[in-house]
Amino acid sequence: MTDLTNILEIIIALVVAIITAFVIPWIRSRTTAQEREELLAWVDIAVAAAQQLFHRSEGHDRLNYALTFLKDKGYEVDEPAVRNAVEAAVLKLHQQLEGAANDSNS
């Protein structure tokens, strides 16, 4: 089996760069600092809860749960910024889980 670790790391770095360059400035221009903090905190909670509750399910099940959770909190889940914040939180969670797995393998 081919080791795809390097390719995945490059893709993750590219996604993070795109989010940093475009998504975060767009969110900042549309919200106050307190609103951003609150949104990002709820996104982190939604993503972590979805991962915990649906860890054996497909990704779309986790995404739907997270978006429903955020909608129940009053956020417009059709806004690109909300969806992108969810994707960024998923990426961050995967990096944390991958780092924890690598640490335990050392």
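All of the points below concern the structure found in this document. This one's a predicted model, so the numbers in the text were calculated from it and none came from an experiment. (Residues numbered from 1 in each chain as written. Predicted model: local features only at pLDDT ≥ 70, side-chain atom pairs only at ≥ 80, totals over all residues. Heavy atoms only, no water.)

### Examining the overall build of the protein chain
Line of reasoning, step 1. From N to C terminus, the protein chain includes 4 helices and 0 strands.
Line of reasoning, step 2. Listing each helix as α and each strand as β along the protein chain from the N terminus yields α-α-α-α.
Line of reasoning, step 3. Principal-axis analysis of the C-alpha atoms places the extent of the protein chain at approximately 45 × 30 × 20 Å.
Line of reasoning, step 4. Within the span of the protein chain, comprising 106 residues, buried residues form 22% of the whole.
Line of reasoning, step 5. Restricting to contacts in the protein chain with at least 6 residues of sequence separation, those with at least 24 account for 56%.
Line of reasoning, step 6. Summing over all exposed atoms, the protein chain offers an accessible surface of approximately 7,700 Å²; the carbon and sulfur share of this is 57%.
Line of reasoning, step 7. If the 9 positive side-chain charges of the protein chain are averaged to one point and the 15 negative ones to another, these points end up 4 Å apart. (Helix = DSSP H or I, 4+ residues; strand = E, 2+ residues; numbered from the N terminus. Buried < 20%, exposed > 50% of the residue type's maximum accessible area, 1.4 Å probe, protein only. Contact = heavy atoms within 4.5 Å. Areas by Shrake-Rupley, 256 points an atom, 1.4 Å probe, with all protein chains shown as cover. Lys, Arg positive; Asp, Glu negative; His and termini not counted. Charge placed at Lys NZ, Arg CZ, Asp CG, Glu CD.)

### Quick look at the environment of Ala66
Line of reasoning, step 1. With respect to the secondary-structure elements, Ala66 resides in helix 3 (residues 59-72).
Line of reasoning, step 2. Taking relative accessible area as the criterion, Ala66 reaches 1% and is therefore assigned buried.
Line of reasoning, step 3. For Ala66, the residues in contact, after removing those within four places along its chain, are Ala46, Val47, Ala50 and Val86.

### Things to note about the side chain of Arg62
Line of reasoning, step 1. Here Arg62 shows up in helix 3.
Line of reasoning, step 2. No salt bridge is formed by the buried Arg62; the nearest opposite charge belongs to Glu58, separated by 7.3 Å.
Line of reasoning, step 3. When neighbours within four sequence positions are excluded, Arg62 is seen to be in contact with Ala50, Gln51, Phe54, His55 and Ser57. (Salt bridge = Lys/Arg side-chain N within 4 Å of Asp/Glu carboxyl O.)

### Overview of the packing of aromatic side chains
Line of reasoning, step 1. According to the stated counting rule, one finds 3 aromatic pairs in the structure shown.
Line of reasoning, step 2. For the ring pair Trp42 and Phe69, a centre distance of 5.9 Å and an interplane angle of 50 degrees mean the geometry is tilted. Taken together, the residues Trp42 in helix 2 (residues 33-53) and Phe69 in helix 3 connect sequence positions 27 residues apart.
Line of reasoning, step 3. For the ring pair Phe54 and Tyr65, a centre distance of 5.4 Å and an interplane angle of 50 degrees mean the geometry is tilted. Here the residue Phe54 occupies a position in the loop between helix 2 and helix 3, and Tyr65 occupies one in helix 3, the gap between them amounting to 11 residues.
Line of reasoning, step 4. For Phe54, a relative accessible area of 26% puts it in the partly exposed group.
Line of reasoning, step 5. For Tyr65, a relative accessible area of 25% translates into the label partly exposed. (Phe/Tyr/Trp six-rings, centres within 6.5 Å; stacked < 30°, edge-to-face > 60°.)

That is the geometry; function is a separate question.
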